Amino acid sequence: MQGLIAAPAHGALPSPELLRDWMARLERADLLQEAQRLKRLGHGDLVSFSPKVFIPLTQLCRDTCGYCTFAHPPRKGERAFMTPEQVLAVARAGAAAGCTEALFTLGERPEDRYRVAREELVELGHATTLDYLAAMAALVLRETGLLPHLNAGVMAEADLARLRRVGVSQGLMLEGTAPVLLAKGGAHYGSKGKIPAVRLETIAAAGRQAIPFTSGILIGLGETRAERVEALLALEALHSEHGHIQEIIVQNFQPKPGTRMADAAAPSMEELLWTAAAARLIFGPEMNIQVPPNLSFDRFPELLAAGINDWGGVSPVTPDHVNPEARWPDLDLLRRTTEAAGATLVSRLPVYPAHVAALDRWVDPVLHAPVLRAADADGWGRADPWAPGKAGIVPRLPRLAPRATPDLDAILHRAADGYRLNAAQIARLFRARGPEVQAIATAADELRARANGDLVRYVVNRNINYTNICAYKCSFCAFSKGKTADHLRGRPYLVDLDEVSRRAAEAWDRGATEVCMQGGIHPSFTGRTYLDLIAAAKRGAPGIHVHAFSPLEVAHGAETLGLSVSAYLERLRDAGLGSLPGTAAEVLTDRARALLCPDKLTVQGWLDVIEAAHGVGLPTTSTIMFGHIDGPDDWAAHLLALRDLQERSGGITEFVPLPFVHMEAPMYHRGQSRQGPTFREVVLMHAVARLALHPLIPNIQVSWCKLGAEGVLAALNAGVNDVGGTLMNESISRAAGTEFGQELPPAQMDALIARAGRKGAQRSTLYGTVPPGQTARSYAAEPLAPLVTGEITPRARRAA
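With that settled, the discussion passes to the overall build of the protein chain. When helices and strands are tallied, the protein chain shows 29 helices and 18 strands. Since a compact globule built from 800 residues should have a radius of gyration of about 28 Å, the 30 Å found for the protein chain is in line with a globular shape. When its C-alpha atoms are laid out on the principal axes, the protein chain stretches across 95 × 60 × 45 Å. Counting all 800 residues of the protein chain, 62% fall into the buried class. Once local pairs closer than 6 in sequence are excluded, the contacts in the protein chain between residues at least 24 apart make up 78%. Total accessible area on the protein chain stands at roughly 29,200 Å², and carbon and sulfur atoms take up 54% of it.

Next up on the list: the sheet that holds strand E13 (residues 545-548). One open sheet accounts for 4 strands, arranged E11-E12-E13-E14; its pairing is parallel. Two strands lie at the open edges of the sheet, namely strand E11 (461-465) and strand E14 (577-579), each paired on one side alone. Each adjacent strand pair in this sheet contributes to an overall mean axis angle of 40°, direction not counted. The sheet contact formed by E11 and strand E12 (residues 514-518) spans 5 bridges and is parallel. Bridging from a neighbouring strand, Asn465 pairs with Gln518 of E12.

Where helix H15 (residues 423-430) contacts helix H25 (residues 679-693), the axes come no closer than 9 Å and their chain directions differ by 145°. Between H15 and H25 lies a crossing whose hand is right-handed. In this structure, H15 uses Ile426, Leu429 and Phe430 to contact H25, whose residues at the interface are Arg680, Leu684, Met685, Val688, Leu691 and Ala692.

Looking now at helix H3 (residues 84-96). The end-to-end C-alpha separation of H3 is 18 Å, in line with the 18 Å expected for 13 residues at 1.5 Å each. Every buried residue of H3 is listed here: Val87, Leu88, Ala91 and Gly94. Considered in projection along H3, the buried side chains sweep an arc of 125° and stay on one side of the axis. Exposed side of H3, more than 90 degrees from the buried face: Glu85 and Ala96 are the residues found there. As for H3, its buried residues are in contact with strand E1 (46-56), strand E2 (101-105) and helix H5 (129-144).

Turning to the pattern of salt bridges, a few remarks are in order. Within this structure, the stated rule accounts for 54 salt bridges. Ionic pairing is found between Glu34 and Arg28, a salt bridge with its closest N-O pair at 4.0 Å. Asp445 is paired through a salt bridge with Arg448; the nearest N and O atoms lie 2.9 Å apart. Of this pair, Asp445 and Arg448 are both found in helix H16 (residues 435-452), 3 residues apart, which corresponds to roughly one turn of the helix. With relative accessibility at 3%, the residue Arg448 sits in the buried group.

Neither face of E13 is left uncovered, since the one carrying His545 and His547 and the one carrying Val546 and Ala548 both have all their residues buried. Strand direction decides the pairing type here: E12 and E13, joined by 4 bridges, are parallel. Opposite Val515, over in E13, you have Val546 as the bridge partner. Remark: the E12/helix H18 (residues 527-540)/E13 crossover connection has right-handed handedness. Here E13 pairs with E14 via 2 bridges, running parallel. Opposite Val546, over in E14, you have Leu577 as the bridge partner.

Turning our attention to unusual backbone geometry. Across the junction of His694 and Pro695, the peptide omega takes the value 0°, indicating a cis bond. You can see Pro695 is positioned in the loop between H25 and helix H26 (704-716). Positive phi is not limited to glycine here, since Phe549 has a value of about 80°. Mapping Phe549 onto the fold places it in the loop between E13 and helix H19 (551-561). Here Glu586, not a glycine, exhibits a phi torsion of approximately 50°, which is positive.

Time to look at a nonpolar patch on the surface. A cluster of nonpolar side chains, contributed by Leu182, Ile195 and Val198, occupies part of the molecular surface with about 190 Å² of accessible area. With respect to the helices and strands, the residue Ile195 is situated in the loop between strand E4 (169-171) and helix H7 (196-208).

Now for the side chain of Asn461. Here Asn461 is to be found in strand E11. In this structure the side chain of Asn461 is engaged in a polar contact, spanning 3.1 Å, whose partner is the backbone nitrogen of Thr726. From its side chain, Asn461 meets the backbone nitrogen of Leu727 in a polar contact 2.8 Å long. Other than its neighbours up to four places away in sequence, Asn461 contacts Ala512, Glu514, Gly725, Thr726, Leu727 and Met728.

Another point: the nonpolar core. Counting residues in each nonpolar core, the largest one holds 126 residues, and the members touching the most others are Ile440, Met517, Phe549 and Leu572. Among the elements that take part in this core, H25 stands out by supplying 11 residues, more than any other. Among the nonpolar cores identified, the runner-up in size contains 89 residues, and Met23, Leu60, Leu121 and Ile203 belong to it.

Positionally, Arg462 belongs in strand E11. Arg462 gets classed as buried once you look at its relative accessible area, which sits at 0%. At 2.7 Å, the side chain of Arg462 and the side chain of Glu506 are in polar contact. Contacts of Arg462, omitting those with residues within four sequence positions, involve Arg502, Arg503, Glu506, Ala507, Glu514, Val515, Cys516, Leu727, Met728, Asn729, Leu784 and Leu787.

The subject of this paragraph is the environment of Trp22. Topologically, Trp22 is positioned in helix H1 (residues 16-26). Spatially, the C-alpha atoms of Trp22 and Ala226 are 8.9 Å apart, while their sequence positions differ by 204 residues.

A word on the sheet that holds strand E10 (residues 455-459). The strands that make up a sheet are held in pairs by hydrogen bonds between backbone atoms, and each pair lies either parallel or antiparallel. Strand order in the open sheet formed by 3 strands is E17-E10-E18, and the pairing between neighbours is parallel. Every interior strand has two partners, whereas the edge strands, strand E17 (722-725) and strand E18 (759-762), have only one. For this sheet, the mean inter-axis angle between neighbouring strands, taken without regard to orientation, is 25°. In this sheet, E18 lies alongside E10 in parallel orientation, the contact comprising 4 bridges. Looking at the pairing, Tyr458 lines up with Gln762 of E18.

Quick notes on the rules
- Residues numbered from 1 in each chain as written.
- Predicted model: local features only at pLDDT ≥ 70, side-chain atom pairs only at ≥ 80, totals over all residues.
- Heavy atoms only, no water.
- Helix = DSSP H or I, 4+ residues; strand = E, 2+ residues; numbered from the N terminus.
- Rg over C-alpha atoms; globule rule 2.2 N^0.38 Å.
- Buried < 20%, exposed > 50% of the residue type's maximum accessible area, 1.4 Å probe, protein only.
- Contact = heavy atoms within 4.5 Å.
- Areas by Shrake-Rupley, 256 points an atom, 1.4 Å probe, with all protein chains shown as cover.
- Pairing = 2+ DSSP bridges.
- Axes fitted to C-alpha atoms, helices over the stretch in contact; angles between N-to-C directions.
- Left-handed = near helix turned anticlockwise from the far one by under 90°.
- Expected span 1.5 Å × (residues − 1).
- Arc of directions from axis to C-beta.
- Salt bridge = Lys/Arg side-chain N within 4 Å of Asp/Glu carboxyl O.
- Right-handed = clockwise from strand over helix to strand, strands pointing away.
- Patch = residues over 30% accessible without salt bridge, like charges linked within 9 Å, V, L, I, M, F, W, Y side chains within 5 Å.
- Polar contact = N/O pair within 3.5 Å; in protein donor to acceptor, adjacent residues only side chain to side chain.
- Core = buried A, V, L, I, M, F, W, Y, C linked by side-chain atoms within 4.5 Å.

In short, geometric facts, not functional conclusions.
In structure tokens form, the structure reads like this:
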């Protein structure tokens, strides 16, 4: 319904005619059912919550609300404000417990009323409560990484703008617009900050400042249903104008001893459900409608019937300081309750996914990095601290009871039958959560068993990365170095051709059947360089398969020799090149490449080189490097581009997902990327690839050097039939920060595969059999000799 009503003047309320119209619409027997339908339309089966800590910076307040026990007058022996040390102690406990939000809730402008507040602010080195709040929010963010959400009451637009630089979101409950609330004896009597026009103006100012904002109403204070709707319509009008309200809270009043309203009756569950459902109808499918679960105690599961999609902030560490009598439900109970209602619980950040997707508009640039660090590809919160390349953290996916999902089942059946999925269907698979993830992984693994059996293949090979000097400036790459720069990991190097020959010979002696050669685009390299590299490898090991040169290197070589790509590929083939790695693909969408590698091959350019290779009889692999600035729509487009290419040319041997390793990546250090894919996203990438590429690309490979043993085992149960190469040397992932080593010898590879209940078998690069002598050598290999790096020989720099 967003946009249905015009935005009121600041503080104005909807017209009587509009209010009557809405009251008529809401008097329907199927109100709850309609609210549920709208919720499913906008949010599917997801119900979110924010794992938070509650930081009550001060409980002194200039207002005197008749229901509140959070705010109180100064107490002897108690400080007016939490100290920085106290704030940090709470925040650190929250960070250790896996929270992502630091909720700062505080009394409004206590210095206007209390001398002790003014004096203590001076002692703390700040003129106002808002000054101190800004300092503490910045401190928490800097020291713990928790994302501040600020509830600081009504304020000037300049103050909102100032707090926007330290908080990713802010909030102010409208509470209500009923005149009775401000009347003598009313809930807000004597409270300057509770005048509806004042609060609406603050909310409007937040919209003008593009602040992701929380608002809502407090019911049961003496207002009528019509007055609740009036308040909701006033908020909807502001949201229609600015688009900034990211959640609407419908909160039920609870009487508390010692307050003016101690004897007032709490609203019934029927009233709460009616109001939440009304909010859903007024704001429509996309709005996030929240009802706090703790204020309904044991009856909170009933709230889902009203079309809500958010439980609000729930803390495993701190109490609800505003309602201390109402404990948060245990997170496991919250999850079980949500699942029992046929929904999936997902953790979120204090800024919702729609606003995460448009950070440039909604969040101050200084805060982009911490938001991205905490987010997954859809803008929800990361479920755990795992990231690709990190050792010592065992990734896990929860085992959940299966649930009927007819639309998902239809997609899975279509994929299993070998039909081409469309982009929307593939993106739907990538966005799966909860029990759907296991359903997709199971379907993929059943398809793997049909297509490949239980054998898990790998190749004994050696990586030779002959230079890390590169003229390109890919934002994700920690491997590439300038000519003299010494940044991130390692110094610039070039490998001598004699060393290339030595490494190839040593690899053959250790049982390898393949050398995989790639490197940076050195400014002095020409097409002749790559021909010389093939010759060097073949001199060292005449029988070895040379799997070498990314499409970017091929294009560069062709250009420097004035040849067409096809003609140059023929020269490489005739010189002994056996196949190409389908690397440098990154993500095959123009949007992603504009951010990742704007000076690299275009999407079409990459596809053209691969197709040209197939045209001259050179097979290739295919890859995706994912988990940085990309998402399900990018991944779907990428897989379809590969499938369509394979249908035309048929030369792709395997698909290799390469999770982004963030630790040393320049774009991560600049705050421009996420910290790699989540474990759920990794499992889905392998599983969805199996489904989307079937039956055209039969082999799906997992990268052990990025995922470690536990990641490999999970992938082997999600459609994977190949664990890549033993590598011997691995430079690119290591430069990015991975902690999983450089070699996984055959005996260890076999043992890892056996842990998955499968049998390992060596293969050639092109999935053929391996000469028995090489297999025997691979199990009896001597340790590697030290590597020699240095200036490449003049022969490799000669122009053609």
